[in-house]
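# Coordinates in review
Read off the chains here:
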Amino acid sequence: MKPTLRSGMGAMAFSAVLPATLALAGLTGHAQSNGPATPDHARSHHHYQLIDLGTFGGPNSSLPGSIESINPSGTVTGCADTSVLDPDFAIQNPYFGDPYIERSYIWTDGHRTALPALRGGNTCPQWINGNRSIVGFSENGQIDPLTGTKEIRAVVWDPERRIHDLGTLGGNGSVAWTINDAGQIAGDSMNDIPDDLNDWEDIGMPGATQTHAFLWQNGVMHDLGTLGGPDSDTYAINERGQVVGLSTINSIPNPGTGLPTIDPFFWDGRKMIDLGSLGGTYGVAVAVNNRGQVTGYSNRAGDDFHHAFLWPGRDGKIVDLGTLGGSGSEAKAVNDSGYVTGAARLPGNTKVHAVLWGNGGILDLGVIPGDLCDEGMSLNSRLQVVGYSNQVSCGGPHAHGFLWEHGVLFDLNRLIVNPSALQVIEGVFINERGEITGNAVTPEGNIHAVLLIPCDEFHPNRDGCDYRDVDESEAVLSDVAGPPPSSGASALHDRHAASKKMPGLD
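Keep in mind it's a predicted model, so treat the numbers as computed, not measured.

Calculation rules
- Residues numbered from 1 in each chain as written.
- Predicted model: local features only at pLDDT ≥ 70, side-chain atom pairs only at ≥ 80, totals over all residues.
- Heavy atoms only, no water.
- Pairing = 2+ DSSP bridges.
- Helix = DSSP H or I, 4+ residues; strand = E, 2+ residues; numbered from the N terminus.
- Axes fitted to C-alpha atoms, helices over the stretch in contact; angles between N-to-C directions.
- Contact = heavy atoms within 4.5 Å.
- Polar contact = N/O pair within 3.5 Å; in protein donor to acceptor, adjacent residues only side chain to side chain.
- Buried < 20%, exposed > 50% of the residue type's maximum accessible area, 1.4 Å probe, protein only.
- Core = buried A, V, L, I, M, F, W, Y, C linked by side-chain atoms within 4.5 Å.
- Salt bridge = Lys/Arg side-chain N within 4 Å of Asp/Glu carboxyl O.

### Looking at the sheet that holds strand β7 (residues 134–143)
For sheets, the rule is that strands pair by backbone hydrogen bonds, running either parallel or antiparallel. Pairing is antiparallel across the open sheet formed by four strands, whose spatial order is β6-β7-β8-β9. Each end of this open sheet is capped by a strand with a single partner; those strands are β6 (123–128) and β9 (163–165). In this sheet, neighbouring strand axes are inclined to one another by 35 degrees on average, regardless of whether the strands run parallel or antiparallel. As defined by bridge partners, β6 adjoins β7 across five bridges and the pair is classed as antiparallel. Each residue of the ladder has a partner; that of I128, found in β7, is I134.

Spelled out as structure tokens, the structure:
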């Protein structure tokens, strides 16, 4: 199964160290006073029950690393192989790439239910909101006459599990990436304007016409436009209807990338705002919190490396979040307190570690001993971080899923109370109740989506749960050399403060 496009760091050509480092109270044994206090009872570590979300008879299922696959109440969505080979595999839409027909599902209270497709064929979800509405894409039974491949349409499955085609902006394809609790949906759609520059891995959807970001609400798909070039691409939406992603600013390819200049954008509800760059010609906004803080990454001057950023800074521009001393870094997620997780290179550029940025600094979360690199993929308000590590090379197969909390890094496999033949290789998303979705490998080498439910006060009386606290001696301790020095004042700015009175791996 090919999960979709947005799940890795690519070549991770990440430069320059952030002058200040992170000091967060309650996160390490060297707490400082400028971080959030953590109550003693909340510092305990818990065991987890593993649930194999399985397949529909085929070999694989998986959860891409960019989707919100579990909602606040613990309902999960994903897609899985059936046992039926796709008779149109040769012309299958590139968003799939699997010889088996894939079907979407919803899992709740121990029961998994298949979701309908538009007209048979493949489907895959991308996001589930708190109301159990799910968005994604489905084949519609049509062939794109401009490319000869099967068309897909952005869809929403309502809480009654009915499917609705959201249409397009006039072109032959669309995809819905994300939905908020108000039912606003953000995604991408092709229009009918020819576009020779459309490169779906970097800019938009696979096709022959322009791709534009859209916002769908009240039954209407609104074109969000671009920053001046032909294409734009959505990544996330928050509860205020603000949308982030990337957009071309012109149609002139740059010699270093072969692409037009691409900048991260922020849609404020009225217009698309160019967030600028860190000096290079490629940048993307990957996540936005409910305060309107945006994180992503941008190439540096020369386009050799990229750095993680947070927007807005005090001057209204993006803030370079820096690295661990190597050439680059990359952000993946931001919580509502402005903390960001992702990965950064160490001096020498042979290692990449998962990190937590906040309060103007950076904290190295370490790596599982024996593994070479890791990356944080998701975090919650309790500053629990999940992600994955690689063992052989930074761009190689994923080896272990991890959980980092209260200054301690755990191999997720060592926290599971119901061992199975599955090896958890990725923690993809964690919700506010500490429930984790991820991916695991079977003894046969296939991938299965999994759910890990903590044995804690939020999940009482679960059969087979071990409710004893996990001793930190069971943790996989990181190889961090020592505590970072205290940071200075934060360079980050809450732009709503006045009205209220944060390669390698793939």
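There's plenty left to go through after this.
### Thoughts on the sheet that holds strand β1 (residues 48–52)
Taken in spatial order, the four strands make up an open sheet running β1-β32-β31-β30, and their pairing is antiparallel. The open sheet terminates on both sides in strands that have one partner only, identified here as β1 and β30 (423–430). Taking each pair of neighbouring strands and ignoring which way they run, the sheet shows an average axis angle of 30 degrees.

### A few points about the environment of N122
Its place among the elements puts N122 in the loop between β5 (111–114) and β6. In sequence terms N122 and N140 are 18 residues apart; their C-alpha atoms lie 8.8 Å from each other. With residues up to four places along the chain from it excluded, the contact list for N122 reads D86, Q92, F96, Y100, I101, E102, S138 and E139. Polar side-chain contacts of N122 include one of 3.1 Å to the side chain of D86.

### Description of the environment of L215
Mapped onto the elements, L215 comes out in strand β12 (residues 209–217). Look at L215 and you get buried, because its relative accessible area is 5%. Separated by 39 residues in the primary sequence, L215 and A176 have C-alpha atoms spaced 9.3 Å apart. Excluding residues within four positions of it along the chain, L215 makes contact with Q184, I185, V220, M221, H222, L224, I237, G241, V243 and W267.

### So, the nonpolar core
Formed by 22 residues in total, the largest nonpolar core has its most connected members in V284, V340 and W357. Secondary-structure elements contributing two or more residues to this core are β18 (279–288), β20 (306–311), β22 (329–334), β23 (340–345) and β24 (352–358). Per element, the largest residue contribution to this core is four residues, and it comes from β18. By size, the runner-up hydrophobic cluster in this structure holds 17 residues, among which are Y48, V408, L415 and L452.

### A word on the pattern of salt bridges
One pass over the structure, following the stated rule, counts twelve salt bridges. Between R162 and D158 there is a salt bridge, with the nearest N and O atoms lying 2.8 Å from each other. By relative accessible area, which is 12% here, D158 ends up buried. E435 is the partner of R433 in a salt bridge, and the nearest nitrogen-oxygen pair spans 2.6 Å. Here the salt bridges do not stand alone but share partners, grouping D86, D88, E139 and K150 into one network.

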